[in-house]
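Chain by chain, the residues:
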Amino acid sequence: MFQKLYRWTLTLAESRHAPLALGLVAFAESSFFPVPPDAILVPMSIARPKSAWTYALICTVGSVVGALLGYAIGALLFETVGKWLIDLYGYGARVDEMRALYAKWGWAVILVKGLTPIPFKLVTITSGLLSYSLPLFVLLCFVTRGARFFALALLLKYYGEPIRHLLDKYFGWFLLVLLVVIVLGFWIATHVL
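Model, not experiment: these values are computed from the prediction.

Undergrad: Which residues make up the pattern of salt bridges, and what values do they have?
TA: Per the counting criterion, the structure on display carries 3 salt bridges. A salt bridge links Glu29 to Arg145; the nearest nitrogen and oxygen atoms lie 2.6 Å apart. One end of the pair, Glu29, is in helix H2 (residues 18-29); the other, Arg145, is in helix H8 (residues 134-191), with 116 residues separating them in the sequence. Of the two residues, Glu29 and Arg145, both sit in the buried class. With its nearest N and O atoms 3.6 Å apart, the salt bridge here joins Asp87 to Lys83. Of this pair, Asp87 and Lys83 both sit in helix H5 (residues 78-88), 4 residues apart, roughly one helical turn. Of the residues examined, Asp87 reaches a relative accessible area of 40% and is grouped as partly exposed. What makes Lys83 partly exposed here is its relative accessible area of 36%.

Undergrad: I'd like to hear about the packing of aromatic side chains, residue by residue, with values.
TA: Enumeration over the complete set of coordinates arrives at 4 aromatic pairs. Relative to Phe150, the ring of Trp53 lies with its centre 6.0 Å away and its plane at 20°, an arrangement referred to as stacked. Pair noted here: Trp53 is in helix H4 (residues 52-76) and Phe150 is in helix H8, with a separation of 97 residues, a long-range link. Exposure remark for Trp53: the relative accessible area of 33% places this residue in the partly exposed category. On the basis of an interplanar angle of 50° and a centroid distance of 6.2 Å, the ring pair of Trp105 and Trp107 is categorised as tilted. Against the face of Phe120 rests Arg145, its NZ or CZ located 4.3 Å from the ring centre.

Undergrad: Residues and numbers for the environment of Tyr71, please.
TA: Structurally, Tyr71 is set in helix H4. Taking the C-alpha atoms as reference points, Tyr71 and Leu130, 59 residues apart in sequence, are found 9.4 Å from one another. When residues no more than four places from it in sequence are discounted, the contact partners of Tyr71 are Thr124, Ile125, Ser127, Gly128, Ser131, Tyr132, Ser133, Leu134 and Phe137.

Undergrad: Please provide a residue-by-residue account of the nonpolar core, values included.
TA: If you look at soluble globular proteins, the nonpolar side chains tend to sit buried side by side. Membership of the largest hydrophobic core comes to 23 residues, with the highest contact counts inside it found for Ile86, Tyr102, Ile110, Ile125, Tyr132, Phe137 and Cys141. Of all the secondary-structure elements, those providing two or more residues to this core are H4, H5, helix H6 (95-115), helix H7 (120-129) and H8. The element contributing the most residues to this core is H6, with 5 residues. Sequence-distant contacts of Cys141, that is, excluding residues within four places in its chain, are made with Val64, Ala67, Ile110, Phe120 and Gly146. Grouped together as the second largest cluster of nonpolar side chains are 19 residues, Ala52, Tyr55, Cys59 and Leu167 included.

Undergrad: I'd like a description of unusual backbone geometry, backed by residues and values.
TA: The phi torsion at Ser131 lies on the positive side, around 55°, for a residue other than glycine. Among the structural elements, Ser131 can be located in the loop between H7 and H8.

Undergrad: I'd like a rundown of the packing of H2 against H4, residues and numbers included.
TA: Closest axis-to-axis distance for the H2/H4 pair is 7 Å, and the angle between their directions is 35°. Handedness of the crossing formed by H2 with H4: right-handed. Residue-level contacts link Pro19, Leu22, Gly23, Ala26 and Phe27 of H2 to Tyr55, Ile58, Cys59, Gly62, Ser63, Val65, Gly66 and Leu69 of H4. In the contact of H2 with H4, the residues fall into 9 nonpolar, 4 polar and no charged.

Undergrad: Pulling in residues and values, what's your account of H2?
TA: At 3.6 residues per turn, the α-helix brings residues three or four places apart onto the same side. With 12 residues, H2 should reach 16 Å at 1.5 Å per residue; the first-to-last C-alpha distance of 16 Å fits that figure. Among all positions of H2, only Ala18, Leu22, Gly23, Val25, Ala26, Ala28 and Glu29 are buried.

Quick notes on the rules
- Residues numbered from 1 in each chain as written.
- Predicted model: local features only at pLDDT ≥ 70, side-chain atom pairs only at ≥ 80, totals over all residues.
- Heavy atoms only, no water.
- Salt bridge = Lys/Arg side-chain N within 4 Å of Asp/Glu carboxyl O.
- Helix = DSSP H or I, 4+ residues; strand = E, 2+ residues; numbered from the N terminus.
- Buried < 20%, exposed > 50% of the residue type's maximum accessible area, 1.4 Å probe, protein only.
- Phe/Tyr/Trp six-rings, centres within 6.5 Å; stacked < 30°, edge-to-face > 60°.
- Lys NZ or Arg CZ within 6 Å of the ring centre and 35° of its normal.
- Contact = heavy atoms within 4.5 Å.
- Core = buried A, V, L, I, M, F, W, Y, C linked by side-chain atoms within 4.5 Å.
- Axes fitted to C-alpha atoms, helices over the stretch in contact; angles between N-to-C directions.
- Left-handed = near helix turned anticlockwise from the far one by under 90°.
- Nonpolar A, V, L, I, M, F, W, Y, C, P; charged D, E, K, R; others polar.
- Expected span 1.5 Å × (residues − 1).

In structure tokens:
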């Protein structure tokens with residue numbers, strides 16, 4: 001079953017619609033969607049290693065544009081959509097904590113959380129809610145998301161073939177690890193930070 005899913009993912013990654021799908025997932029993940037674009041970026045970069053940089057750029061731009069939507073949700077729609085999303089991810093009771101943290105370390109929060117598996121939408125919505133400097137927010141999003149996606153692209157561009165062989169054998173485990181990372185990110189966001 002996992003081998004069929006893996007082959008389907010690689011075929012999808014090679015389709016002409018894959019870059020658009022990658023950009024849309026990166027956009028959605030920064031504002032409301034729980035699945036990170038890495039789930040598509042990895043097979044796409046393995047299928048076409050020469051395009052890894054382009055895919056990282058698509059992820060970065062899509063993520064920053066999605067971050068602007070998350071910021072707008074926090075700034076303009078917090079009482080409706082924003083509060084619901086923050087509560088859904090378990091951060092509702094921690095808004096006051098975030099307010100104090102942002103006052104002193106807002107730039108560091110954006111940079112650090114943008115690199116981790118912690119849902120980035122929590123950062124984007126909170127930044128809008130707390131009226132964090134929009135130009136600085138956009139700059140920090142480009143830095144942190146670009147660093148994350150280009151580091152992954154670098155790894156896949158130069159080690160894609162050995163990784164592909166590992167995925168050929170252990171794709172089920174890869175999916176399990178990805179799921180654990182997503183769940184761990186949500187758990188850390190709601191219980192630790």
